[in-house]
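Spelled out from the first residue to the last, the chains are:
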Amino acid sequence: MMEVWKVNEILGFNLIAGQFVASGEKRLRSISAADGSVHPVEFRVATDAEVREAATAAASAFDAFVHTPPRARADLLEAIAGEIDGLGTALIEQASRETGLSAARLEAERARTVAQLRMFAELIVEPATYGVCVEAALPARLPSPRPEMRRGYTGIGPVAVFGSSNFPLAFSVAGGDTASALAAGCPVVVKAHPGHLVTSELVANAVTRAVRRTGQPPGIFSLLVGAHETGSRLVQEPAIQAVAFTGSLAAGRALFDLAARRDRPIPVFAEMSSINPVIVFPHAQRVRGGEIAQQLGDSIRLGNGQFCTKPGLILVIGGPSSAEFVVGLQAAFGTELRAPMLNDAIAIAYRTGVQARTHAEDLNWLSPHAADAPLHAELFSADASAFRRGAPVLREELFGPSATVVVVDDEPSLLEGLQHLSGQLTATVFGENEDYECIASLLPALEKLAGRLVFNGVPTGVEVNRATVHGGPYPATSDARFTSVGAQAMERFRRPICYQNFPAQLLPAHLR
């Protein structure tokens, strides 16, 4: 074991409760998304013993941490934000090298990351956060007295957090899952994403320095290096009491099933799959169809389409302007990607998915080019009949800058097809005043479908605030009652607890 304290030094070890640990023989390498070059440091994959050590350290720290005053946890979150800001350009340079994302995008993502931390720091010192409810004693009540009862909240326990591929900062080591878990008083064990190992270590060092500087138990934070096997092992550790995951449906469902098979099942809060349908009404097509088509094209191509809120299905209600609208949308596609995708695995999966769709019976390829050409943004179309009967290819997410457009005959046909869609993170409508009556009749179906409804805008770009809902019915997320972004994200890692007839001096501070 060794301690860390050079700000930007990279060792490639696991970081467990404030100590660097590396006893395993397996290695992972940090690879540049742009040119495939390899970082000189090899990263040691966590052994089973190290996974257990991290989980055990988190469990040992939980009792003390969950009872720390809210102000102390707020100070920790503020300290983490300050340390991440203090990493300077080194963090941005390494994140850009590993993911291919631009420096401007990553600076914005860092700003979002520290803003999330500071939002929770502000939130947890507010009395209203604790949802205190007091039922006064009624000793004279007949036929039996009523005891005094006080309800509050407590942390659920140590949380396993999985870094996501497409947000190396905001959904990673110190992202929203970690921030909301720490705010709830829950220690965190992070499984670093293999696609940004250097970035993860830099941020983990920052978190560890903040933990030490604020005097919190070192076991409240650990970082493990590994791939699927390491993640599976972590979820099965008895000390882990919840899981936070953002990624593919296959991986999220695998973790969910593992957690359910434990002797003591635990909740998995997984964000997994969404095609984010967009509905364009006739009057909106007529008044500003070209503008909407460009807006959607920009949204779908943003960041090479590597956003969970990327529109993947565009539903156009038939009318005089529908054909012109589709032509306008088509003009925004067929463009070669200007930046690499996040990693080779994602690029290969995208190319494979595109090729499969070019041969799909229910789809037409509207942006054809040579099969061996560089990666492009891709637009497909489908007949209204395929949508009405729920053709599977129209319900499957393709991660990347691709979408399918369908011109439906009328509102009843639209409703018929929507019934075949599974749960979504978002659903969007574009309309004018003349469309409002039809939109209103559609809202009950959309409310059942998605967690966030967007009017005359695009779903890409998730605001981090107290009203945000970033979740939805399965398979968008594994539990539609919760959000992974915004103030309410903390509710995933808390549970209600009631104290009956307890004297004030024995109650938690927020219940006195």
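Refer to the structure above for everything that follows.
Please read all numbers here as calculations on a predicted model, not as lab measurements.

Novice: Mind showing me how you'd approach the environment of G88 here?
Specialist: By the secondary structure assignment, G88 is in helix α3 (residues 88–99). Note: C-alpha distance between G88 and N8 (80 residues apart in sequence) is 9.6 Å.

Novice: Even after reading the chapter, I still don't get helix α7 (residues 228–235), so can you show me in this structure?
Specialist: Since the α-helix advances by 3.6 residues per turn, residues separated by three or four positions end up pointing in the same direction. Those residues of α7 not exposed but buried are T230, G231, L234 and V235. Each buried residue of α7 lies within a common arc of 135 degrees when the element is viewed along its axis, so the set occupies one face. Facing away from the buried side of α7 by more than 90 degrees, the exposed set consists of H228 and E229.

Novice: Just checking my understanding: could you explain the nonpolar core for this structure?
Specialist: Ranked by size, the top nonpolar core spans 59 residues in total, and within it I80, I84, F120, F221 and F493 carry the most contacts. A per-element tally of this core places helix α6 (residues 197–213) first, with nine residues. Setting aside residues up to four positions removed in sequence, F120 forms contacts with L77, G176, A179, S180, A183, G486, A487, A489 and M490. One finds L315, V354, L363 and A427 within the second-largest nonpolar core, a separate group that totals 39 residues.

Novice: Where do I start with the environment of N364 in this structure?
Specialist: The residue N364 is located in strand β14 (residues 363–365) in this model. For N364, a relative accessible area of 41% corresponds to the partly exposed category. With residues near it in sequence (within four places) discarded, N364 still touches L379, F380 and S381.

Novice: Any chance you could explain the side chain of T483 here in plain terms?
Specialist: Mapped onto the elements of the fold, T483 is located in the loop between β18 (450–455) and β19 (494–500). Assessed through its relative accessible area of 4%, T483 is described here as buried. Looking at T483, its side chain comes within polar contact range of the main-chain nitrogen of H470, at 2.7 Å. Not counting chain neighbours up to four residues away, the residues in contact with T483 comprise T468, V469, H470, Q488, A489 and R492.

Novice: Even after reading the chapter, I still don't get helix α9 (residues 282–301), so can you show me in this structure?
Specialist: Taking 1.5 Å per residue as the helical rise, α9 with its 20 residues ought to reach 28 Å, whereas the 24 Å between its terminal C-alpha atoms falls clearly short. Its maximal kink placed at R288, α9 deviates by approximately 100 degrees. On its buried face, α9 is in contact with β12 (278–280), β13 (313–317), α10 (322–331), β16 (402–408) and β17 (424–430). Directly beyond the C-terminal end of α9, a positive phi value near 60 degrees is found at G303.

Novice: For this particular structure, what's the right way to read empty space enclosed by the protein?
Specialist: Gaps left between atoms show up when a probe the size of a water molecule is rolled over them. For the structure on display, the rule yields four cavities of 30 Å³ or more. Estimated volume of the largest cavity: approximately 90 Å³. As for the largest cavity, its lining consists of 14 residues, of which I275, G312, R357, E396 and L398 are closest to the centre. With three residues, β16 is the largest single contributor of residues to the lining of the largest cavity.

Novice: It is not clear to me how the layout of surface pockets should be interpreted in this structure. Could you clarify?
Specialist: Taken as a whole, the second largest pocket encloses approximately 400 Å³ of empty space. Forming the boundary of the second largest pocket are 17 residues, of which R301, G303, N304, R338 and A339 lie nearest the centre. Here the residues of the lining of the second largest pocket sort into six nonpolar, six polar and five charged.

Novice: What is the right way to look at the packing of aromatic side chains in this model?
Specialist: What describes a pair of aromatic rings is the distance from one ring centre to the other and the angle between the planes of the rings. Per the stated rule, a full pass over the model turns up eight aromatic pairs. Pairing F167 with F171 gives two aromatic rings, centres 5.3 Å apart and planes at 55 degrees, and the pair type is tilted. Across the pair, F171 and F167 agree in class, each one buried. When the centroid spacing of 5.9 Å and the interplanar angle of 70 degrees are considered together, the rings of Y436 and F455 count as edge-to-face. Linking Y436 in helix α14 (residues 436–449) with F455 in strand β18, this pair joins segments that are 19 residues apart in sequence. Under the relative-accessibility criterion, Y436 is labelled partly exposed at 41%. Connected via pairs of aromatic rings, a cluster forms that spans F167, F171 and F307. We note R105 situated over the ring of F167; from NZ or CZ to the ring centre the distance is 4.8 Å. Directly above the aromatic system of F167 lies the positively charged group of R112, at a separation of 5.5 Å from the ring centroid.

Rules of the game
Residues numbered from 1 in each chain as written. Predicted model: local features only at pLDDT ≥ 70, side-chain atom pairs only at ≥ 80, totals over all residues. Heavy atoms only, no water. Helix = DSSP H or I, 4+ residues; strand = E, 2+ residues; numbered from the N terminus. Buried < 20%, exposed > 50% of the residue type's maximum accessible area, 1.4 Å probe, protein only. Arc of directions from axis to C-beta. Core = buried A, V, L, I, M, F, W, Y, C linked by side-chain atoms within 4.5 Å. Contact = heavy atoms within 4.5 Å. Polar contact = N/O pair within 3.5 Å; in protein donor to acceptor, adjacent residues only side chain to side chain. Expected span 1.5 Å × (residues − 1). Bend = angle between axes of the 7 residues up to and from the residue. 1 Å grid on protein atoms, 1.4 Å probe; cavity = no way out; pocket = protein on both sides within 12 Å on 5 of 7 lines; lining within 4 Å. Points joined across faces, edges and corners; volume = space filled by probe spheres on them. Nonpolar A, V, L, I, M, F, W, Y, C, P; charged D, E, K, R; others polar. Phe/Tyr/Trp six-rings, centres within 6.5 Å; stacked < 30°, edge-to-face > 60°. Lys NZ or Arg CZ within 6 Å of the ring centre and 35° of its normal.

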